[in-house]
Protein chains: 2
Amino acid sequence: MPAQPQPQPVRPSALQAESLRQTRREHASETAEDYVEAIADLAASLGEARLVDLARRLGVTHVTVNRTLARLQREGFVQVQPYRAIFLTPSGRKLAATCRHRHDVVVAFLRSLGIPGKTAEIDAEGIEHHVSPRTLAAFAKFSAR
Amino acid sequence: MPAQPQPQPVRPSALQAESLRQTRREHASETAEDYVEAIADLAASLGEARLVDLARRLGVTHVTVNRTLARLQREGFVQVQPYRAIFLTPSGRKLAATCRHRHDVVVAFLRSLGIPGKTAEIDAEGIEHHVSPRTLAAFAKFSAR
DNA sequence: CGCACGATGTAGCCTTGGCTACACTTTGCC
DNA sequence: GGCAAAGTGTAGCCAAGGCTACATCGTGCG
Ligand SMILES: [Mn+2]
Ligand SMILES: [Mn+2]
Ligand SMILES: [Mn+2]
Ligand SMILES: [Mn+2]
């Protein structure tokens, strides 16, 4: 008898490799995005962003935050001085605004699908970094319908 | 004059910290999920999963794959022997099936929103790992409407 | 039937991002 | 004004997951 057709269509290796590379790139910028967004939120709600508050909000120790801030300063997103509050650079503020908007769009989209608020928040925190401009536009359009 | 009300509602730190912790947990299982899914795909399409094919499909070098396979063997998802093809354990096969299904649901959902196929594939590769059971159910229901 | 080449293994490097333990600085309060 | 407690800095550990360079294994073909 003839060979059975493969039950599952084969996903081309090249496309999956490209997708996974893109996912890794997104993960590489994820920390910066979550940090600047948290710093902007803290500055807005408390007047300034202090290390301990940032650590609490990010769910890590102050040690992790401190080392990461050094990298973000190298990359030009924040301005830090010993024992001082943390400030965003213009580039950091711009990134924070973009990420904040994207975050809100993703949360609103999930809620408009009927997902409860807390679950929407939790899922959005991960999903937001993997949403292309096209998909973000589709999300916004859908929840505004 | 009285203090201006804060323009943006403040997201509670505790919820954001919990969300970020959950995202980190999801990232910790992401590699295992993508690997077993790729191994199952290769076994289905080529008859067996070889190291080079896996490396090509994952978009990394064979060195990275080899080290990761050692960890996945420790964790009970794969069975590897030097110079041999790579096999999934029962637990690995189960994980692969679950992930394959979830992947397909996410892709179908994005496409049903009007996202072109390639973009849907790329976005799904990252999004899939951050979709809770509730959200997955909502995605499936929506694209089946 | 042997050997060249492709496949696989391994040594060792790097960055990120977790952590604990401990040291030092700031600051609010008596 | 001094001091205790809170905040901040730093040394050093770990695991994951990238990489290059090189060594070894297996096999198909001439
Ligand atoms: Mn996030
Ligand atoms: Mn994936
Ligand atoms: Mn996938
Ligand atoms: Mn992710």
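Quick look at the structure, then.

Parameters and conventions
- Residues numbered from 1 in each chain as written.
- Chains lettered and ligands numbered in written order.
- Predicted model: local features only at pLDDT ≥ 70, side-chain atom pairs only at ≥ 80, totals over all residues.
- Heavy atoms only, no water.
- Donors = N, O, S within 2.8 Å, 3.2 Å for Na, K, Ca; no water.
- Helix = DSSP H or I, 4+ residues; strand = E, 2+ residues; numbered from the N terminus.
- Near = heavy atom within 4 Å.
- Polar contact = N/O pair within 3.5 Å; in protein donor to acceptor, adjacent residues only side chain to side chain.
- Nonpolar A, V, L, I, M, F, W, Y, C, P; charged D, E, K, R; others polar.
- Buried < 20%, exposed > 50% of the residue type's maximum accessible area, 1.4 Å probe, protein only.
- Least-squares fit on C-alpha atoms with pLDDT ≥ 70 in both.
- Contact = heavy atoms within 4.5 Å.

1. Some details on the coordination of the manganese ion (ligand 1)
Residues and elements named next belong to chain A.
Item 1. Protein-derived coordination of the manganese ion (ligand 1) comes from D34 (OD), E125 (O), E125 (OE), E128 (OE) and H129 (NE2), at a distance range of 2.0 to 2.4 Å.
Item 2. Each donor residue of the manganese ion (ligand 1) belongs to the same chain, and together they define the spacing D-x90-E-x2-E-H. Of the two residues, D34 is situated in helix α1 (residues 13–46) and H129 in the loop between α5 (117–127) and α6 (133–143); the sequence distance between them amounts to 95 residues.

2. Looking at the protein's contact with DNA strand C
Item 1. Around DNA strand C lies a shell of 18 residues, among which T31(A), R67(A), R71(A), R24(B) and N66(B) are the nearest.
Item 2. Each atom of DNA strand C within 4 Å of the protein was assigned to sugar, phosphate or base; sugar and phosphate come to 61%.
Item 3. One of the side-chain nitrogen or oxygen atoms of R71(A) is found 2.5 Å away from a phosphate oxygen of DNA strand C.
Item 4. In this structure, N66(B) approaches DNA strand C through a side-chain N or O atom, which is 2.8 Å from a phosphate oxygen.
Item 5. Those elements that place two or more of their residues in the surface near DNA strand C are α3 (62–74) of chain A together with α2 (51–58) and α3 (62–74) of chain B.
Item 6. Broken down by element, the residue count for the surface near DNA strand C peaks at five residues, all from α3(A).
Item 7. For the surface near DNA strand C, the class distribution of residues is eight nonpolar, five polar and five charged.

3. Overview of the coordination of the manganese ion (ligand 2)
Residue and element names in this part refer to chain B.
Item 1. Taken together, D34 (OD), E125 (O), E125 (OE), E128 (OE) and H129 (NE2) make up the protein donors of the manganese ion (ligand 2), found 2.0 to 2.5 Å from the metal.
Item 2. Look at where the donors of the manganese ion (ligand 2) fall in the sequence and you get D-x90-E-x2-E-H.
Item 3. The manganese ion (ligand 3) is placed at 3.7 Å from the manganese ion (ligand 2), the two being bridged by E125. Within this pair, whereas D34 is found in helix α1 (residues 13–46), its partner E128 is found in the loop between α5 (117–127) and α6 (133–143), the two being separated by 94 residues in sequence.
Item 4. Judged by relative accessible area, which is 0%, E128 ranks as buried.

4. Quick notes on the relation of the copies chain B and chain A
Item 1. Turning chain B through 180° and shifting it by 0.0 Å along the axis lays it on chain A, with an RMSD of 0.0 Å. When the rotation and shift are considered jointly, the pair of chain copies conforms to a two-fold rotation axis. Within chain B, I127(B) has its C-alpha nearest the rotation axis, a separation of 2.6 Å.
Item 2. Both copies share a contact surface, since 100% of the interface residues of chain B are interface residues in chain A too.

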